[in-house]
Amino acid sequence: QVQLVESGGGLVQTGGSLRLSCAASGRTFSSRTMGWFRQAPGKEREFVAAIGGSGDTYYADFAKGRFTISGDNAKNTVYLQMDNLRPDDTAVYYCAARVGLISRQQSRYDYWGQGTQVTVSS
């Protein structure tokens, strides 16, 4: 089993920044992909970004140029730096992990965190 714990959410004004962290513990795999997803009120959960075991990254279109995903293998932690935040970025952000290649499909992720709330005020 893999346990994922997110942190770093909060309230920020439009144009501000936040850095989310996701600490993984338990069983780990060398070929592991870590991803971030989000769910806004009344909407389905959607893909944000992912990072593969070799450091390759993949972003949703809305995240390109504003969000940066990175990982620290020594700490088993993945980060999501979010800049120039907008009110429509308001959502619960979830960290997820899967064994295998990078993917944007939620169904391919085996482990999920509890989520952290991000609220962007206008």
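Scroll up to find the structure this text is about.
The shown structure was predicted, so the numbers you read here are calculated from the model rather than taken from an experiment.

(A) A look at the nonpolar core. Membership of the largest hydrophobic core comes to 28 residues, with the highest contact counts inside it found for Leu4, Trp36, Leu80, Met82 and Tyr93. Mapped by element, the contributors of at least two residues to this core are β1 (2–7), β3 (18–26), β4 (32–39), β5 (46–51), β7 (67–72), β8 (77–82), β9 (91–99) and β11 (116–121).

(B) View of the packing of aromatic side chains. Within this structure, the stated rule accounts for 6 aromatic pairs. Here Phe37 and Tyr109 contribute two aromatic rings whose centre-to-centre distance is 5.1 Å and whose plane-to-plane angle is 80 degrees, an arrangement assigned as edge-to-face. You can see Phe37 sitting in strand β4 and its partner Tyr109 sitting in the loop between β9 and β10 (111–112), a full 72 residues away along the chain. Phe37 sits in the buried class, given a relative accessible area of 0%. Residue classification places Tyr109 among the buried residues on the basis of a relative accessible area of 5%. Taking 5.5 Å as the distance between ring centres and 40 degrees as the angle between the ring planes, the aromatic pair formed by Phe47 and Tyr58 counts as tilted. Here Tyr58 lies in strand β6 (residues 57–59) and Phe47 lies in strand β5, a separation of 11 residues in the sequence. For Phe47, a relative accessible area of 5% puts it in the buried group. Ring pairing ties together the aromatic residues Phe37, Phe47, Tyr58, Tyr109 and Trp112, which thus form one cluster. Above the ring of Tyr94, the side-chain terminus of Arg45 is found at 5.1 Å from the ring centroid. Over the aromatic face of Trp112 sits the side chain of Arg45, whose NZ or CZ is 3.9 Å from the ring centroid.

(C) Looking closely at the state of the cysteines. Inspection of every chain in the model, using the stated rule, returns 1 disulfide. The disulfide partner of Cys22 is Cys95, and the S-S distance across this bridge is 2.0 Å. Judged by the sign of its S-S torsion, about -80 degrees, the bond between Cys22 and Cys95 is left-handed. Remark: Cys95 occurs in strand β9 and Cys22 occurs in strand β3; sequence separation between them is 73 residues.

The rules behind each value
Residue indices begin from 1 for each chain and proceed along its sequence in written order. Local features in this predicted model are restricted to residues whose pLDDT is 70 or higher, and side-chain atom pairs enter the listing and the counts only when it is 80 or higher, whereas totals over whole chains, interfaces and linings include all residues. To obtain the side-chain values, all non-hydrogen atoms of the structure were included, while hydrogens and water were left out. We define a nonpolar core as any set of buried Ala, Val, Leu, Ile, Met, Phe, Trp, Tyr and Cys residues linked to one another through side-chain atoms lying within 4.5 Å. Each residue is placed in one exposure class: buried if its accessible area under a 1.4 Å probe, protein chains only, is under 20% of its type's maximum, exposed if it is over 50%, and partly exposed if it falls in between. The helix count covers DSSP runs of H or I at least four residues long, the strand count covers runs of E at least two residues long, and both are numbered beginning at the N terminus. For Phe, Tyr and Trp, rings pair up if their centres lie within 6.5 Å, where Trp contributes its six-membered ring, and each pair is then called stacked (planes under 30 degrees apart), edge-to-face (over 60) or tilted (otherwise). Note on geometry: a ring has a charge over it if NZ (lysine) or CZ (arginine) is within 6 Å of the ring centre and within 35 degrees of the ring normal. Only a pair of cysteine sulfur atoms within 2.5 Å counts as a disulfide in this structure description.

Just distances and angles here, no functional claims.
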